[in-house]
Amino acid sequence: QVQLVESGGGLVQAGGSLRLSCAASGSISSIDNMGWYRQAPGKERERVASITRGGITNYADSVKGRFTISRDNAKNTVYLQMNSLNPEDTGVYFCRAARGFNGYWGQGTQVTVSS
């Protein structure tokens with residue numbers, strides 16, 4: 001099992017920035033893929049960004065140019081830097097780790113963007 005703990009969410013004005021953190025219970029260097037997902041009320045969970053073990057990143061079209069996913073292997077932590085936030089970015093953000101065919105989720109952290 002992999003335990004993931006997200007932090008860094010909060011309330012921010014439109015145009016502002018937040019940095020989310022996802023701390024893993026073990027080495028993230030052995031995880032095939034880590035990603036950030038979000039879920040707005042009444043909507044399905046969607047992938048926002050991901051980073052592979054080799055450092056390849058992918059982003060949803062809606063956040064390209066605004067969000068950056070990164071990792072710090074020494075701290076076993078993955079980050080999501082979110083800039084130029086807008087109200088459509090509001091939701092609960094979840095961290096996910098995948099190793100092989102196994103996936104693990106964090107508890108989520110709330111991000112609210114006011115207009």
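Conventions adopted
Residues numbered from 1 in each chain as written. Predicted model: local features only at pLDDT ≥ 70, side-chain atom pairs only at ≥ 80, totals over all residues. Heavy atoms only, no water. Helix = DSSP H or I, 4+ residues; strand = E, 2+ residues; numbered from the N terminus. Rg over C-alpha atoms; globule rule 2.2 N^0.38 Å. Buried < 20%, exposed > 50% of the residue type's maximum accessible area, 1.4 Å probe, protein only. Contact = heavy atoms within 4.5 Å. Disulfide = S-S within 2.5 Å. 1 Å grid on protein atoms, 1.4 Å probe; cavity = no way out; pocket = protein on both sides within 12 Å on 5 of 7 lines; lining within 4 Å. Points joined across faces, edges and corners; volume = space filled by probe spheres on them. Nonpolar A, V, L, I, M, F, W, Y, C, P; charged D, E, K, R; others polar. Core = buried A, V, L, I, M, F, W, Y, C linked by side-chain atoms within 4.5 Å. Pairing = 2+ DSSP bridges. Axes fitted to C-alpha atoms, helices over the stretch in contact; angles between N-to-C directions. Polar contact = N/O pair within 3.5 Å; in protein donor to acceptor, adjacent residues only side chain to side chain.

A. Representation of the overall build of the chain in the model. Helix and strand content of the chain: 0 helices and 11 strands. Reading the chain from its N end, one meets helices and strands in the order β-β-β-β-β-β-β-β-β-β-β. Relative to the 2.2 N^0.38 estimate, which gives 13 Å for 115 residues, the radius of gyration of the chain is 13 Å and therefore close to what a compact globule would have. Projected onto its principal axes, the C-alpha coordinates of the chain cover approximately 40 × 25 × 25 Å. For the chain, with 115 residues in total, the buried portion stands at 42%. Considering only contacts in the chain between residues 6 or more positions apart, those separated by 24 or more positions represent 52%.

B. Structural detail: the state of the cysteines. Overall, the coordinates contain 1 disulfide when judged by the stated rule. Residue Cys 22 pairs covalently with Cys 95 via a disulfide, S to S 2.1 Å. Judged by the sign of its S-S torsion, about -80°, the cystine formed by Cys 22 and Cys 95 is left-handed. Of the two residues, Cys 22 is situated in strand S3 (residues 18–24) and Cys 95 in strand S9 (residues 91–99); the sequence distance between them amounts to 73 residues. As far as burial versus exposure is concerned, Cys 22 and Cys 95 are alike and both buried.

C. Quick peek at empty space enclosed by the protein. What the rule picks out here adds up to 1 cavity of 30 Å³ or more. Estimated volume of the largest cavity: approximately 50 Å³. Forming the boundary of the largest cavity are Ile 28, Ile 31, Asp 32, Asn 33, Met 34, Ile 51, Thr 52, Arg 53, Arg 71 and Val 78. For the lining of the largest cavity, the secondary-structure elements that each account for two or more residues are strand S4 (33–39) and strand S5 (46–52). Split by residue class, the lining of the largest cavity holds 5 nonpolar, 2 polar and 3 charged.

D. Spatial organisation of the nonpolar core. Met 34, Trp 36, Leu 80, Met 82 and Tyr 93 are the most contacted members of the largest nonpolar core, which has 29 residues in total. Among the elements that line this core, the one with the most residues is S3, at 4 residues.

E. Representation of the sheet that holds strand S8 (residues 77–82). Pairing in this open sheet of 4 strands is antiparallel, and the strands run S1-S3-S8-S7 from one edge to the other. Looking at the sheet topology across the chains shown, the edges are occupied by strand S1 (4–7) and strand S7 (67–72). Strand after strand, the sheet turns through a mean of 15° between neighbouring axes, direction not considered.

F. Molecular detail of the side chain of Thr 90. Tracing the sequence through the fold places Thr 90 in the loop between S8 and S9. One polar contact links the side chain of Thr 90 to the main-chain amide nitrogen of Val 113, over a distance of 2.9 Å. The residues touching Thr 90, leaving out its near neighbours within four places in the chain, are Ala 40, Gln 110, Val 111, Thr 112 and Val 113.

G. Spotlight on the environment of Asp 32. The residue Asp 32 is located in the loop between S3 and S4 in this model. Residue class for Asp 32 comes out partly exposed when judged on its relative accessible area of 30%. C-alpha separation for the pair Asp 32 and Arg 53, spaced 21 residues apart in sequence, amounts to 4.9 Å.

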